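# Fold and contact review
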Amino acid sequence: MSRISHIELDDRNLLPPTPEIEQERKVAIFDLIEDNSFALPARDERAVPEGPYHLALAIREKRLVFDVSAESGEKAAEFHLSLSPFRQVVKDYYQICESYFTAVKTLPPSQIETIDMARRGIHNEGSRVLQERLEGKAEIDTDTARRLFTLICVLHFGG
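Residues numbered from 1 in each chain as written. Predicted model: local features only at pLDDT ≥ 70, side-chain atom pairs only at ≥ 80, totals over all residues. Heavy atoms only, no water.

## Observations regarding the overall build of the chain
- Each helix and strand in the chain was counted, giving four helices and six strands.
- In terms of overall size, the chain behaves like a compact globule, its C-alpha atoms giving a radius of gyration of 16 Å where 159 residues would be expected to give roughly 15 Å.
- In terms of overall dimensions, the chain has a C-alpha envelope of 55 × 30 × 25 Å along the principal axes.
- In the chain, which comprises 159 residues, the share counted as buried stands at 42%.
- Taking contacts inside the chain between residues at least 6 apart in sequence as the whole, the part at least 24 apart equals 63%.
- With 20 positive and 27 negative side-chain charges, the chain shows a spacing of 5 Å between the two charge centroids. (Helix = DSSP H or I, 4+ residues; strand = E, 2+ residues; numbered from the N terminus. Rg over C-alpha atoms; globule rule 2.2 N^0.38 Å. Buried < 20%, exposed > 50% of the residue type's maximum accessible area, 1.4 Å probe, protein only. Contact = heavy atoms within 4.5 Å. Lys, Arg positive; Asp, Glu negative; His and termini not counted. Charge placed at Lys NZ, Arg CZ, Asp CG, Glu CD.)

Printed below as a string of structure tokens:
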């Protein structure tokens, strides 16, 4: 089964999240576990343990770390991605999210919808960057990329 069955965020060294960020995190994890597509391609002619997979995400030494294991505990893969390609899109995403959270409290629905469309556009850009960075390492669909991007933003918030 090419999917993630368990996800863990290494947030030990991060600032406590705001209530909005904590909610985004919970929703992303729930949605990710409910429906995702995650496959590890064969690399260097080595056999890849079959899924479902457990995924641990962390930021270590300014790198995004994907630590993947089979449900049996067998190490399946570990890859480290530079955070540089994510910096601007994460920054833009946080700014638009702040605007959105403020708008929900004070603006009429038409203006909220406009901000939400911009937020979705930036979120899509972040998921596209993630899919590009994972090319050759892991195969994920767009919805999985979007949810993982949300979790990267959560880690980035305190990193």
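Now, onward.
## Some remarks on the sheet that holds strand S4 (residues 63-70)
- Read from one edge to the other, the open sheet built from four strands follows the order S1-S3-S4-S5, with strand pairing classed as mixed. The sheet terminates laterally at strand S1 (4-9) and strand S5 (75-82), the two strands that pair on one side only. Within this sheet the neighbouring strands show an average axis-to-axis angle of 20°, counted without direction. (Pairing = 2+ DSSP bridges. Axes fitted to C-alpha atoms, helices over the stretch in contact; angles between N-to-C directions.)

## Digging into the nonpolar core
- Ranked by internal contacts, the top residues of the largest apolar core, which has 43 residues, are Leu40, Leu57, Phe66, Val68, Leu130 and Leu148.
- Taken together, the elements giving at least two residues each to this core come down to S1, helix H1 (19-34), strand S3 (53-60), S4, S5, helix H2 (84-106), helix H3 (109-134) and helix H4 (142-158).
- Element by element, the count of residues in this core is highest for H2, at nine residues.
- Non-local contacts of Phe66, meaning those with residues more than four positions away in its chain, are made with Leu55, Ala56, Leu57, Ala77, Glu78, Phe79, Leu81, Leu130, Leu134 and Leu148. (Core = buried A, V, L, I, M, F, W, Y, C linked by side-chain atoms within 4.5 Å.)

## What about the side chain of Arg147?
- Take Arg147: it is sitting in helix H4.
- Of the side chains with opposite charge, Asp35 comes closest to the buried, unpaired Arg147, at an N-O distance of 4.3 Å.
- Non-local contacts of Arg147, meaning those with residues more than four positions away in its chain, are made with Ala28, Asp31, Leu32 and Asp35. (Salt bridge = Lys/Arg side-chain N within 4 Å of Asp/Glu carboxyl O.)

## Re the pairing of S3
- Where S1 meets S3, five bridges bridge the pair, whose relative direction is parallel. Residue pairing across strands places His6 opposite His54, the latter belonging to S3.
- Joining the antiparallel neighbours S3 and S4 is a turn of two residues, in which Glu61 adopts a positive phi near 50°.

## Thoughts on the pattern of salt bridges
- Within the structure shown, the criterion is met by nine salt bridges.
- Among the ionic pairs, Lys75 bridges to Glu78, the shortest N-O distance being 2.7 Å.
- Judged by its relative accessible area of 46%, Lys75 falls in the partly exposed class.
- Exposure remark for Glu78: the relative accessible area of 35% places this residue in the partly exposed category.
- Note that Glu132 is salt-bridged to Arg128, the shortest N-O span being 2.2 Å. Taken as a pair, Glu132 and Arg128 lie in helix H3 at a separation of four residues, close to a single helical turn.
- On the basis of relative accessible area, Glu132 is assigned to the partly exposed category, the value being 45%.
- Accessibility expressed as a relative area gives 36% for Arg128, which makes it partly exposed.
- The network of salt bridges with shared partners includes Glu24, Asp116, Arg119 and Arg120.

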